[in-house]
Structures are given as C-alpha cells and as structure tokens.
Amino acid sequence: MLAFLLRRVIQAAAVLAVVGLIAFSMFRFAGDPVNQIVGPDTTVAERAEIRKNLGLDDPVLVQFARYAGSVARGQFGISYQFRQPVAQLLAERMPATLELALCATVFALVVGVLMGVYCALRRDSWLAGLFQAVSLIGISLPTFLIGILLIYLFSVTLGWLPSYGRGDTVRLGWWTTGFLTASGLKALILPSVTLGLFQMTLIMRLVRAEMLEVLRTDYIRFARARGLTTRAVHLRHALKNTLVPVITIAGLQLGSVIAFSIITETVFQWPGMGLLFVQAVQNVDIPIMSAYLLLVALIFVTINLVVDILYTVVDPRLRLSTGRAA
C-alpha cells in the first residue's frame, strides 16, 4: 500500500506540473493585462513601466521559472485587478465554494442513490417512470437554464427563497460559514439543487443500471436460496456491490462540482472561487486564472487518490491484488 501511495503521489506531482505549464502558456495569449489595469489616458511610457514592474517584458521561460518558484512556495502572485495576494483572495472565497459543492454532492448522492435503488427494485411502477423522466430533464437542460427557472419559480413567483447571494455568514477563524444562520441555509438551497441536479441524475441512472445487473448475478441467487430476507439481499449484498462504480463517479463528480460551479455561482452571484475566476477572465487577471486551474487540478488528483484508496476498502479483491503487486 505504501508503494501504491508513493506512485500516486509522484503521478499527482507530474500532473500538477503539466497543468501549471499549460495554464501559464495558455494565459499568455488571453490578452494584455496592462490594458485592464490602467485607464485610457495612460501614456505609452507609463504602460511600459507597469509592464516592466510586472515582469511581462521578460522572456517566457524566465517568467515561467519565476512563476513555478513562487507556486512551490505557496505564492501565486498579486492580483492585477484587486491588488491583493491571490492566495488570500482564494482563501476568502474557498469556504463559499466548498460549502456549495458539499451541499450539492450530498444532495446528488442521497437522492440519486435512493431514486436509483427504487427504480431498480420497482422498475415497473409509475413512480419509477416519473423518476426516470426527471432524470432525463436533469441531464438535458443546461445548468444556467435550470438556475434561472428555479429563481423565477421559488424567488420571483413564490418568494420563498433568495435569488442571489450567500445570506448571513458566521466567521469561525479564517472560515466563514452559512450553515449557522437561517438566511445562509435558505440561500444554499437553490444553488445546491441547481449544481447537484446533473450529478444526481447521473448517479441515479448508474445505480439503477448497476443494481439491475447485480440482482441477476449468481451470488444473489445463492443468498436468496440461503433464506436471507429480501431486505438483507438488497441492502447488504446487492447495494454494497453496486456502490463500487458509484464511488468512482461520485468522487470525480465532486471534483467536477467544484471545477464547474462557475456557471451556478455566476447565475446566483454566489461569492465563491468560480465567480472570482469569471471576473478574472473578464479583466485578464492572469495570476488568479492560473492559481484557480492549479487548485482545481490539485482537487482532482487528491480526489482520485482518495477514490483509489476507497476501492481497496470496499472491494477485497483489490486489496489482494495490491498486496501481491507490493
């Protein structure tokens, strides 16, 4: 297991290095950040001085070496737009994004697994057909349209939930949370459902398909022949083996929820990292864009590592194969 973890850590470091190189190279052509920093009346000499102070006149290799050295020390530079350290800006916005992603993931997992199991065990019922129809809607409609429709229904028409913002928050050290206030919890509902609906439908359909496949296997027939109750067969044997591929999808979807929360945060004006990235793109704020992509890559490789470890916990066959390989 130790050798397995070391290999994964080395692979993760290589992935982060490649992502950093791609992000740095790609954003060189995103535009001239000096035009976003200065006003229209700034002279050419002043623009050249600003460019020199930012190091934009240096060769690309020199800029990348300086950038890589700063990232290795945990420094992502100074934002062109906000004139603040990028690490500080991301730390301020991270709690909002992580709380939104957590709520969306819990919603997708709980509702998706329950609906998938029901559709597999009661596949001929009218409610199972309704669930599958809802899943088609969740997959087909784009996220921004779902968000706008939910805002129109629950905020504009019914007036039950807020249409934008995070609500009141409580500061716990450097972390800010909306879980401890009523307005914060209400503000989480619409963006969480919007962000988690696609993942929920995906998990539901996956659980249904895997559950139907597992129920046709021989060991399920043997479990029934041993006289086990239907509930024990479905929950203890069938569902446990169904969750192996679900762990992979859920783990990867958690990274996707964090990475692609940009649209949801923009629609609901949620003050998270995704909205900060959109503002950085609009203002060609290269340090923020590069740091955001590196952070997303770090989240993905970390989740992949955790998923691989959970595999060995859920499936004993993988523990045996890992032990033989070691």
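Residues numbered from 1 in each chain as written. Predicted model: local features only at pLDDT ≥ 70, side-chain atom pairs only at ≥ 80, totals over all residues. Heavy atoms only, no water.

An unreviewed UniProt entry lists the chain under the name Binding-protein-dependent transport systems inner membrane component, from Methylobacterium oryzae CBMB20.

Moving on to the overall build of the chain. In terms of regular secondary structure, the chain is built from 14 helices and two strands. The burial tally for the chain puts 39% of its 326 residues in the buried class. For the chain, long-range pairs separated by at least 24 residues make up 71% of all intrachain contacts whose partners lie at least 6 apart in sequence. Carbon and sulfur atoms make up 67% of the accessible area of the chain, which amounts to about 17,600 Å² in all. (Helix = DSSP H or I, 4+ residues; strand = E, 2+ residues; numbered from the N terminus. Buried < 20%, exposed > 50% of the residue type's maximum accessible area, 1.4 Å probe, protein only. Contact = heavy atoms within 4.5 Å. Areas by Shrake-Rupley, 256 points an atom, 1.4 Å probe, with all protein chains shown as cover.)

Moving on, we come to the side chain of T97. By the element assignment, T97 lies in helix 5 (residues 86-121). The exposure class assigned to T97 is buried, which follows from its relative accessible area of 2%. Reaching out from T97, the side chain makes a polar contact with the backbone nitrogen of M273 at a distance of 2.7 Å. (Polar contact = N/O pair within 3.5 Å; in protein donor to acceptor, adjacent residues only side chain to side chain.)

On the secondary structure map, L141 appears in the loop between helix 6 (126-140) and helix 7 (143-157). A relative accessible area of 30% means that L141 is categorised as partly exposed. Expressed as a C-alpha distance, the spacing of L141 and F198, which sit 57 residues apart in the sequence, is 8.9 Å.

Cross-referencing UniProt, the feature "transmembrane region" (unreviewed entry) maps to residues 12-30, 98-121, 133-154, 174-198, 243-263 and 291-314 in the present numbering. Along residues 133-154, the helical share is 91% and the strand share 0%, with 22 Å between the first and last C-alpha atoms. Note that residues 174-198 is 68% helix and 12% strand, and that its end C-alpha atoms are spaced 31 Å apart. (UniProt positions renumbered as here; feature names shortened; annotations may be inferred.)

With that out of the way, let us pick up empty space enclosed by the protein. In the structure shown here, the tally under the stated rule is two cavities of 30 Å³ or more. Its volume calculated, the largest cavity comes out at about 50 Å³. Lining the largest cavity, in full, are A104, T105, A108, L109, G196, Q199, I203, A250, Q253, L254 and V257. Put simply, the parts of the chain that give the lining of the largest cavity at least two residues each are helix 5, helix 8 (182-215) and helix 10 (230-259). Tallied by class, the residues present in the lining of the largest cavity amount to seven nonpolar, four polar and no charged. (1 Å grid on protein atoms, 1.4 Å probe; cavity = no way out; pocket = protein on both sides within 12 Å on 5 of 7 lines; lining within 4 Å. Points joined across faces, edges and corners; volume = space filled by probe spheres on them. Nonpolar A, V, L, I, M, F, W, Y, C, P; charged D, E, K, R; others polar.)

Our focus in this paragraph is the environment of L5. By the element assignment, L5 lies in helix 1 (residues 2-26). Not counting residues up to four positions away in its chain, the partners in contact with L5 are L305 and I309.

Moving on, we get to the nonpolar core. Soluble globular proteins tend to pack their nonpolar side chains together in the buried interior. Core analysis: the biggest nonpolar cluster contains 35 residues, and L90, W270, I288 and Y292 have the highest contact counts within it. Sorting the residues of this core by element identifies helix 5, helix 8, helix 10, helix 12 (273-282) and helix 13 (286-314) as the ones contributing at least two each. Per-element accounting of this core gives the leading share, ten residues, to helix 13. Grouped together as the second largest cluster of nonpolar side chains are 26 residues, I146, M211, L212 and L215 included. (Core = buried A, V, L, I, M, F, W, Y, C linked by side-chain atoms within 4.5 Å.)

Glancing now at the packing of aromatic side chains. For the structure on display, the rule yields three aromatic pairs. Look at Y118 and F131: their rings are 5.9 Å apart centre to centre, the planes differ by 75°, and that puts the pair in the edge-to-face class. Here Y118 is found in helix 5, whereas its partner F131 is found in helix 6, with 13 residues between them in sequence. The class of Y118 is partly exposed, set by a relative accessible area of 30%. (Phe/Tyr/Trp six-rings, centres within 6.5 Å; stacked < 30°, edge-to-face > 60°.)

Together, L102, V106, V110, L114, L172, F179, L180 and L185 give the surface a local cluster of nonpolar side chains, amounting to about 740 Å² of exposed area. Of all the elements, helix 5 adds the most residues to the nonpolar patch, at four residues. Its place among the elements puts L102 in helix 5. (Patch = residues over 30% accessible without salt bridge, like charges linked within 9 Å, V, L, I, M, F, W, Y side chains within 5 Å. Salt bridge = Lys/Arg side-chain N within 4 Å of Asp/Glu carboxyl O.)

A few words on the side chain of S261. Its location among the elements puts S261 in the loop between helix 10 and helix 11 (262-267). Other than its neighbours up to four places away in sequence, S261 contacts T97, L195 and S256.

With that out of the way, let us pick up the environment of G167. Counting through the fold element by element, G167 comes out in the loop between helix 7 and strand 1 (170-172). Expressed as a C-alpha distance, the spacing of G167 and K186, which sit 19 residues apart in the sequence, is 7.8 Å. Setting aside its immediate chain neighbours within four residues, G167 contacts S183, G184 and A187.

Here the focus is the packing of helix 5 against helix 6. Where helix 5 meets helix 6, the axes come as close as 9 Å, and the angle between the chain directions of the two elements is 135°. On the basis of the axis angle, helix 5 is oblique to helix 6. Here the hand of the crossing between helix 5 and helix 6 comes out left-handed. Residues M115, Y118 and C119 of helix 5 form the contact with helix 6, whose own contacting residues are L127, A128, F131 and Q132. (Axes fitted to C-alpha atoms, helices over the stretch in contact; angles between N-to-C directions. Parallel < 35°, antiparallel > 145°, perpendicular 65-115°, else oblique. Left-handed = near helix turned anticlockwise from the far one by under 90°.)

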